[in-house]
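This is what each chain is made of:
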Amino acid sequence: MTAQLNGRPATVEHLASAVGGYGHFTTLRITDGTARGLADHLARLADAHRRVFDADLDTGFVRECLRRAVPARGTVIARITLVGSPFADIADTADVLVTLREAGGAPSAVRLRTVRALRAIPEIKHTGTFSQHFHARAARRAGFDDALFVTVDGHIGETSVCTIGFLDPEGTVVWPDAPVLPGVTQQLITRGLAGFGVRVEQRPVPVADVGAFRAAFVANAGSLLRPVSAVDRVALPLDEEWMSLLRRAYDTNPPEPV
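All figures in this text were calculated on a predicted structure; none of them were measured in a lab.

Draft legend 1. View of the overall build of the protein. When helices and strands are tallied, the protein shows six helices and 16 strands. Computed over C-alpha atoms, the radius of gyration of the protein comes to 18 Å, within 12% of the 18 Å expected from 2.2 N^0.38 for 258 residues, which places it in the range of a compact globule. Classification of the 258 residues of the protein by burial places 48% in the buried group. Considering only intrachain contacts with a sequence separation of at least 6, the fraction spanning at least 24 residues in the protein is 71%. Carbon together with sulfur atoms contributes 53% to the accessible area of the protein, which is approximately 12,600 Å² in total. Distance between charge centroids for the protein: 5 Å, based on 28 positive and 28 negative side chains.

Draft legend 2. Region of the structure containing empty space enclosed by the protein. Summed over the entire model, instances satisfying the criterion amount to two cavities of 30 Å³ or more. Its boundaries defined by the atoms lining it, the largest cavity holds a volume of some 50 Å³. As for the largest cavity, its lining consists of Leu28, Arg29, Arg36, His41, Val184, Thr185, Leu188, Ala221, Leu224 and Tyr250. For the lining of the largest cavity, the elements supplying multiple residues, two or more each, are β3 (22-31) and α5 (184-195).

Draft legend 3. Representation of the side chain of threonine 185 in the model. Structurally, threonine 185 can be placed in helix α5. Judged by its relative accessible area of 6%, threonine 185 falls in the buried class. For threonine 185, the side chain forms a polar contact with the main-chain nitrogen of alanine 221, separated by 3.4 Å. If sequence neighbours within four positions are ignored, threonine 185 has contacts with Ala219, Asn220, Ala221, Leu224 and Tyr250.

Draft legend 4. Seen up close, the layout of surface pockets. Quantified by volume, the largest pocket comes out at close to 1,000 Å³. Together, 44 residues line the largest pocket, and Phe25, Thr27, Arg79, Arg101 and Val161 are the ones closest to its centre. Residue classes in the lining of the largest pocket are distributed as 17 nonpolar, 19 polar and eight charged.

Draft legend 5. The packing of helix α2 (residues 38-53) against helix α3 (residues 59-69), seen in detail. α3 packs onto α2 with a crossing angle of 125 degrees between their chain directions and a minimal axis gap of 10 Å. The orientation of α2 with respect to α3, classified from their angle, is oblique. Of the two possible hands of crossing, α2 and α3 adopt the one that is right-handed. Of the residues in α3, those touching α2 at Leu38, Leu42, Leu45 and Ala46 are Thr59, Val62, Arg63 and Leu66. Tallied by class, residues from the contact of α2 with α3 come to six nonpolar, one polar and one charged.

What counts, and where the lines are drawn
Residues numbered from 1 in each chain as written. Predicted model: local features only at pLDDT ≥ 70, side-chain atom pairs only at ≥ 80, totals over all residues. Heavy atoms only, no water. Helix = DSSP H or I, 4+ residues; strand = E, 2+ residues; numbered from the N terminus. Rg over C-alpha atoms; globule rule 2.2 N^0.38 Å. Buried < 20%, exposed > 50% of the residue type's maximum accessible area, 1.4 Å probe, protein only. Contact = heavy atoms within 4.5 Å. Areas by Shrake-Rupley, 256 points an atom, 1.4 Å probe, with all protein chains shown as cover. Lys, Arg positive; Asp, Glu negative; His and termini not counted. Charge placed at Lys NZ, Arg CZ, Asp CG, Glu CD. 1 Å grid on protein atoms, 1.4 Å probe; cavity = no way out; pocket = protein on both sides within 12 Å on 5 of 7 lines; lining within 4 Å. Points joined across faces, edges and corners; volume = space filled by probe spheres on them. Polar contact = N/O pair within 3.5 Å; in protein donor to acceptor, adjacent residues only side chain to side chain. Nonpolar A, V, L, I, M, F, W, Y, C, P; charged D, E, K, R; others polar. Axes fitted to C-alpha atoms, helices over the stretch in contact; angles between N-to-C directions. Parallel < 35°, antiparallel > 145°, perpendicular 65-115°, else oblique. Left-handed = near helix turned anticlockwise from the far one by under 90°.

This is the structure:
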């Protein structure tokens, strides 16, 4: 992993401060200096910045910090974190931390274990991620790949780090209507599917109804798209033609130069 703070190499002290700091972030996939949905990621940061720091974000500076950090060739996963102090005055600015890691290999199917939980302040992609990692680790120790958060009334939300989507028997793509983070990858897939004439809905998804769906998948910037093979003990069909359609829908969004 490599890291830069405000466009310059980050020190160990910078990273230690950011890990426990007060802030928000977005994660995006960059290939050969371009990213699909870059404008959406910057818009997410700007919106969260107003909520977290009561200030407007200089997205031009954020973009310049990202540009300095990413390589000209190859694919990396970049995380842009805006970190500061919760006690700072409104006039104070947050630091821009950009970290890079290698992109993973080919995505594989995942098995999810449900847990009655929600992320704190789910509409913001913030740095307080302990509970997400705690539940994901517990799921892995139980033989699953990730945790699937379910509300107290039994409705599916999201996984620890991914948006989840379903294909219903009529061929409609369903995003769960629950307290979750609006995913940028979700937005890109939705746009692409609309262009293909595929119906997309957001509605409550009771965990008891999982077995009635034709397929399910998870999505985020790191792994893009992965099929879901099971939720708890309920097996779900794996449909490569369906997954191919989702990938093509995502790819309809043009890459934007960093």
